[in-house]
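Listed here are the chains, written in short residue letters.
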Amino acid sequence: MGGKITETWLTKPFLTSIFLGLGGFLYGFDSGIITPSLALNSFLKYFDNPDAPLRGAIVSVYQAGAWLGSASVGITSDRLGRRKAIAFGCAFGVLGGALMTGAAHVAMLIIGRMLVGYAVGTITGVAPVFGAEIAKVLCAWGFFVALWTGVGEGKWHNPNQWRLGFAVQSIPALALGVGVLFISESPRWLCLKGRHEEAEKAFRSYHHNGSNDEWCREEFSRMQVNIAIELQARGNLSWAELLKSPAFRKRLFVGSFVWAAAMLSGISFIQYFQPAIYATLQYNQDQQLLISGLYGSVAPVACLASLLFVDRIGRKKILISSASLLSLCYLIITIIAAVFPARPGLPTNEAAQRGLIACVFVVSANYSALLGPMTWIIPPEVFTTELRGKANAVVQVLHYSISLIITQCSPIALAAIFFILTNALCAIVFALVYPETRGKSLEDMSEIFGDIKRRTEPELGDARTILSDKKDNGINEYAIEKTESK
């Protein structure tokens, strides 16, 4: 039994996905570390008690940096490769973390946070592409560590306590940036660049176990055939291809709207400004940090729970149920806040407080178990190999654009009622527009969107002709037949 477990789990693709999970960890930690900082009296005192607009700027400038990083990822990932693009982003993460740790004034803090955002935007734009071709990436544990780091900062009675969390965020960036250079490049990216020998070597490094030579040869050949047919059908693919055909416009909508739904779910509002929410309930600093830490503990548990059903239940069902439940949670929050408002100097209804906090926790559990994982899974699934890097960059730009607006406006204008409406709208869109993609391979997704028909014998014959003109491509007849049988 032990051997079977090893064969199933301790494979290089799985271990590589765990390592690439540092990208998700970095995303979660960098997103979450500002939350406890805003609750620390030492942080507020050092920066002269920033008002609501400045707090919004401190939070949202991270999203602005992430927007810039995700906007450039199409170029960096396609030209440098997946590994070097991730390392490139990590360098900015280390620099930004250092600036935030040593911040002498708010401008320095903002610049550092923007650089960290740029790093996260680059890494999240590349890591899902790389990871979707190898495994999945998760980020809940990063957010968990960030919030409990904040609890630890609150217990460390030192005027520089707020610098600790900012320093820690450089560690995963450094580890990922250096370590990613020691793993193999994406075989599909190498194939797209015409570097077939390197691609086969990388493919075997991930999948060869010493006794499956024939399987590796056949699967690699089939991957080459799939890419060749796709490129032949689409010609010289470019950025313009994203908008030229109805099928690719639908791909772009499906891949980007799930991220838009994630931001419109209100999760950023809850994550960044929950200390302010708890403060309105008249909790002190230690209580705010403790509740935030407990809130951060919900996400990893929910995320782990999602592994039990995420590939057993259809993507569409998960999306619809998640958005519907989120809308219901915000409705309850709105009702509680309206019926039992917490006013300074007046007694509070403790049962109502606990009910509101419970709804906040349910929002986190819902997002982490249902909608959150879909944002990492669906975009890489719906884009073809050639357009995956560019299209994911567009998705991330849209994601951070919406997040930038919400995080800047949240402490000033937005209320829970807004998220009742947005989540209800998202549930309707998921029900009416989204296709089911569970269990489909990356290359076969074309058939779902109708931009490449099921391969016929004449098309396979054309693929044979194309591939026969290339030297040392390692394509054999069995791979062609395997592709035809799909």
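Note that the structure is a prediction, hence the values are computed from the model and not measured. (Residues numbered from 1 in each chain as written. Predicted model: local features only at pLDDT ≥ 70, side-chain atom pairs only at ≥ 80, totals over all residues. Heavy atoms only, no water.)

1. As for the overall build of the chain
- The helix and strand tally for the chain stands at 24 helices and 0 strands.
- Per-residue burial for the chain yields a buried fraction of 55% across its 486 residues.
- Partitioning the contacts of the chain with sequence separation of at least 6, the portion at a separation of at least 24 is 83%.
- Here the chain displays about 20100 Å² of accessible surface, and carbon together with sulfur accounts for 65% of that area. (Helix = DSSP H or I, 4+ residues; strand = E, 2+ residues; numbered from the N terminus. Buried < 20%, exposed > 50% of the residue type's maximum accessible area, 1.4 Å probe, protein only. Contact = heavy atoms within 4.5 Å. Areas by Shrake-Rupley, 256 points an atom, 1.4 Å probe, with all protein chains shown as cover.)

2. With respect to the packing of helix α18 (residues 315-339) against helix α19 (residues 350-382)
- As a packed pair, α18 and α19 sit with axes 9 Å apart at the nearest point and diverge in direction by 155 degrees. Classified by the angle their axes make, α18 and α19 are roughly antiparallel. In this structure, the crossing between α18 and α19 has a hand that is left-handed.
- Partitioning the contact of α18 with α19 into residue classes produces 21 nonpolar, 4 polar and 2 charged. (Axes fitted to C-alpha atoms, helices over the stretch in contact; angles between N-to-C directions. Parallel < 35°, antiparallel > 145°, perpendicular 65-115°, else oblique. Left-handed = near helix turned anticlockwise from the far one by under 90°. Nonpolar A, V, L, I, M, F, W, Y, C, P; charged D, E, K, R; others polar.)

3. Details of the packing of helix α17 (residues 285-306) against α19
- Two elements in contact, α17 and α19, have axes whose closest approach is 8 Å; the angle formed by their N-to-C orientations is 35 degrees. Where α17 crosses over α19, the handedness of that crossing is right-handed. Together, Ile291, Leu294, Tyr295, Val298, Ala299, Ala302, Cys303 and Ser306 of α17 and Ile357, Val360, Phe361, Ser364, Ala365, Ser368, Ala369 and Pro373 of α19 make up the contact between the two elements.
- Taken together, the residues of the contact of α17 with α19 break down into 13 nonpolar, 3 polar and no charged.

4. Regarding unusual backbone geometry
- In this model, Asp48 sits at a positive phi of 55 degrees, which is unusual for a non-glycine residue.
- Tracing the backbone shows Asp48 in the loop between α4 (41-46) and α5 (52-80).

5. As for the pattern of salt bridges
- Applying the stated criterion to the full structure yields 4 salt bridges.
- With its nearest N and O atoms 3.8 Å apart, the salt bridge here joins Glu185 to Arg83. Placement of Glu185 in the loop between α10 (170-179) and α11 (187-192) and of Arg83 in helix α6 (residues 82-101) is noted, with a sequence separation of 102 residues between them. Assigned by exposure class, Glu185 and Arg83 land together as buried.
- For Arg195, the salt bridge is made with Glu198, and the minimal N-O distance between the two is 2.8 Å.
- Among the residues examined, Glu198 registers a relative accessible area of 41% and is labelled partly exposed. (Salt bridge = Lys/Arg side-chain N within 4 Å of Asp/Glu carboxyl O.)

6. Quick word on the packing of aromatic side chains
- On inspection of all chains with the given rule, the structure shows 20 aromatic pairs.
- Note on Phe43 and Phe166: the rings are 6.5 Å apart at their centroids and 70 degrees apart in plane angle, and the pair reads as edge-to-face. Here Phe43 is found in helix α4, whereas its partner Phe166 is found in helix α9 (residues 163-168), with 123 residues between them in sequence.
- Pairing Phe88 with Tyr118 gives two aromatic rings, centres 6.4 Å apart and planes at 75 degrees, and the pair type is edge-to-face. (Phe/Tyr/Trp six-rings, centres within 6.5 Å; stacked < 30°, edge-to-face > 60°.)

7. Some details on the side chain of Gln353
- As for its position among the elements, Gln353 is in helix α19.
- Once you skip the residues sitting within four places of it in the chain, Gln353 turns out to touch Leu281, Tyr283 and Thr348.

8. Re a nonpolar patch on the surface
- A cluster of nonpolar side chains, contributed by Leu325, Leu328, Leu331, Ile332, Ile335, Val339, Phe340 and Val362, occupies part of the molecular surface with about 660 Å² of accessible area.
- Counting residues per element, the nonpolar patch draws most heavily on α18, which supplies 6 residues.
- Mapped onto the elements, Val362 comes out in helix α19.
- Judged by its relative accessible area of 36%, Val362 falls in the partly exposed class. (Patch = residues over 30% accessible without salt bridge, like charges linked within 9 Å, V, L, I, M, F, W, Y side chains within 5 Å.)

9. Focus on helix α21 (residues 416-433)
- Along its 18 residues, α21 runs 26 Å from first to last C-alpha, staying within 8% of the 26 Å computed at 1.5 Å per residue.
- When α21 is considered as a whole, its buried residues turn out to be Ala416, Phe419, Ile420, Thr422, Asn423, Cys426, Ala427, Val429 and Phe430. (Expected span 1.5 Å × (residues − 1).)

10. Let's talk about the environment of Glu436
- Among the structural elements, Glu436 can be located in the loop between α21 and α22 (445-449).
- On the accessibility criterion, Glu436 (33% relative accessible area) is partly exposed.
- Spatially, the C-alpha atom of Glu436 lies 6.1 Å from that of Arg315, the residues being 121 residues apart in sequence.
- Apart from residues no more than four positions distant in its own chain, Glu436 is found in contact with Gly314, Arg315, Lys316 and Ile448.
- From its side chain, Glu436 meets the backbone nitrogen of Lys316 in a polar contact 3.2 Å long.
- In terms of polar contacts, Glu436 uses its side chain to reach the backbone amide nitrogen of Arg438, at 3.0 Å. (Polar contact = N/O pair within 3.5 Å; in protein donor to acceptor, adjacent residues only side chain to side chain.)

11. With respect to the environment of Arg251
- Mapped onto the secondary structure, Arg251 falls in helix α15 (residues 246-264).
- Taking the C-alpha atoms as reference, Arg251 lies 8.4 Å from Pro379; in sequence the two are 128 residues apart.

12. Some words on the confidence of the model for the chain
- Averaged over every residue, the pLDDT of the chain is 78; the share at 70 or more is 78%.
- Across residues 470-486, confidence stays below pLDDT 50; counting only partners more than four residues off in sequence or on other chains, it has 39 contacts. (pLDDT = per-residue confidence, 0-100.)

13. A few points about the state of the cysteines
- One pass over the structure, following the stated rule, counts 0 disulfides.
- A disulfide-free cysteine, Cys329 has its sulfur positioned 5.5 Å from the sulfur of Cys359, the nearest such atom.
- When its relative accessible area of 5% is taken as the criterion, Cys329 is described as buried. (Disulfide = S-S within 2.5 Å.)

14. Digging into the environment of Asp286
- Of note, Asp286 is situated in helix α17.
- For Asp286, a relative accessible area of 38% corresponds to the partly exposed category.
- Each C-alpha atom, one on Asp286 and one on Val151, is 7.7 Å from the other, the two residues being 135 residues apart in sequence.

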